[in-house]
Amino acid sequence: MASQEVEVLVVGAGQAGIAMSEHLGERGIAHLVLERDRIAERWRSMRWDSLVANGPAWHDRFPGLEFSGIEPGAFASKDQVADYFEAYAEKIAAPVRCGVEVTSVRRKAGAPGFHVETSDGNFEARYVVAATGPFQKPVIPAVVPQSPGLVQIHSSSYRNPEQLPDGGVLVVGAGSSGVQIAAEIQRSGRQVHLSVGPHDRPPRSYRGRDFCWWLGVLGMWDASTPPQGAEHVTIAVSGADGGHTVDFRALAEEGITLVGRTVAFENGTMNFAGDLRDNLARGDAHYLGLLDEADAYVERNGLDLPEEPEARLRRPDPESLTDPIRELDLAGAGIRSIVWATGFAVDYGWLQVDAFDEEGKPRQQRGVSSEPGIYFLGLPWQSRRGSSFIWGVWHDAKYVADQISIQRSYRAHNEEHPLVAGGAAGVPAGVAG
């Protein structure tokens, strides 16, 4: 079967792939988007039932379309987000082909471009954009062996408390996912232990403005590199129940038992690091620091935003903080489930080109790969702090599309002005010099 030819092949039709398609289309660049499932499938099938976006609808969207039927300050559900991207793809007439899995991308020998194998035949592409994003392969640390009577699932497989067996639950990971899942399970009537690691804890809102607004006006979304040592620190913020600031002491008051980082498991006993107090202190410092910067911004710009002194009040330390648990017999504590909210790893096994370092991470600068003709999109900190967010990936896609356009112009010049034997480019032989 003959290969299909396409100038730009975009792999993945999530937020990154749809954004890429828009910018390529605006530049008149022929392209095709291949998606192994449905558009924005991860929002539909790799999220729990009650998940909502962590940013308000006015902020977490593409510039060209507002969310339908949602107030600007509300938080879209996972299905509303997926529907949004389907509507956006229709709006821009994105050439998306669903149900096609890319299994291999290899550079062509002795010719420009790449040979691409898929579940629906082969393609020849001049450029390939890996728009599969950062959430590809769920990570469950090799801490607890599989054993009868103890269910272990990743947060991407969690749907609701009813899918878990009766009994207590240990949730490992205190970013947005871990916190929301722990709170939901606790409200269902189960005893929950929450393993809290290092985290940043911004206010959901302050002085009448959402934290997304504050990070914008304070220039924090545009930070080009994470603070030293904070490359993988999670952000504890929630859009659940209309949006609220995550307060671990409040979670403890509601009945959740806080523990430090999960570090080891032996003979049925889970061991936790003695870092719970330090982790909460770091989150508190981040929270208060952002309030200080916001107050300074208000004063500096003479804004009329209401003061909010109660935002600085701190609840009493819970017993789990003053007398921390370092060891826990899971069976003795009635824990029959562990939910690992421990993030994801990338999986580029299909991309068989020289574009990765020794750890398998893409070698790229703002999405431009070390392998000419290969581009990445949707990576955390690809160009700035906001790169892996909905609005951030749209801006990164614009840059990548510009780089592809530049390369196309060089190629066009070479094709329009070929070298003539014995002469310079575009100059008849015998005239040059």
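Residues numbered from 1 in each chain as written. Predicted model: local features only at pLDDT ≥ 70, side-chain atom pairs only at ≥ 80, totals over all residues. Heavy atoms only, no water.

Further remarks concern the overall build of the protein chain. Helix and strand content of the protein chain: 9 helices and 23 strands. Per-residue burial over the protein chain gives 48% buried out of 433 residues. When contacts within the protein chain are restricted to residue pairs at least 6 apart in sequence, those whose partners lie at least 24 apart make up 68%. The averaged location of the 57 negative side-chain charges in the protein chain is 3 Å from the averaged location of its 40 positive side-chain charges. (Helix = DSSP H or I, 4+ residues; strand = E, 2+ residues; numbered from the N terminus. Buried < 20%, exposed > 50% of the residue type's maximum accessible area, 1.4 Å probe, protein only. Contact = heavy atoms within 4.5 Å. Lys, Arg positive; Asp, Glu negative; His and termini not counted. Charge placed at Lys NZ, Arg CZ, Asp CG, Glu CD.)

Helical geometry: 3.6 residues make up each α-helical turn, so side chains three or four residues apart lie on a common side. Between its terminal C-alpha atoms helix α9 (residues 390-416) stretches 39 Å, which fits the 39 Å expected from 27 residues at 1.5 Å a residue. Among the residues of α9, those classed as buried are Ile-390, Trp-391, Gly-392, Val-393, Trp-394, Asp-396, Ala-397, Val-400, Ala-401, Gln-403 and Ile-404. (Expected span 1.5 Å × (residues − 1).)

Take the sheet that holds strand β15 (residues 257-259) next. If you walk across this open sheet you meet the 5 strands as β8-β19-β9-β10-β15, and the pairing is parallel. At either end of the open sheet lies a strand with only one pairing partner, and these are β8 (151-154) and β15. The sheet shows a mean angle of 20 degrees between the axes of neighbouring strands, direction not considered. (Pairing = 2+ DSSP bridges. Axes fitted to C-alpha atoms, helices over the stretch in contact; angles between N-to-C directions.)

We now examine helix α4 (residues 176-187). Given a rise of 1.5 Å per residue, 12 residues ought to cover 16 Å, and the 17 Å separating the end C-alpha atoms of α4 matches this to within 8%. Counting buried residues along α4, 10 of its 12 residues qualify, which places the element largely inside the surrounding structure. Taken as a whole, α4 has its buried residues at Ser-176, Gly-178, Val-179, Gln-180, Ile-181, Ala-182, Ala-183, Glu-184, Ile-185 and Gln-186. In this structure, the buried side of α4 is in contact with β9 (168-172), β10 (192-195), β14 (234-235), α6 (248-253) and β19 (335-340). Gly-189 occupies a position one or two residues after α4 and carries a positive phi of about 105 degrees.

With that out of the way, let us pick up the side chain of Arg-44. In this structure, Arg-44 sits in helix α2 (residues 41-45). The exposure class of Arg-44 is buried, given its relative accessible area of 17%. Filtering out sequence-adjacent residues up to four positions away, Arg-44 remains in contact with Arg-38, Lys-78, Asp-79, Ala-82, Asp-83 and Glu-86.

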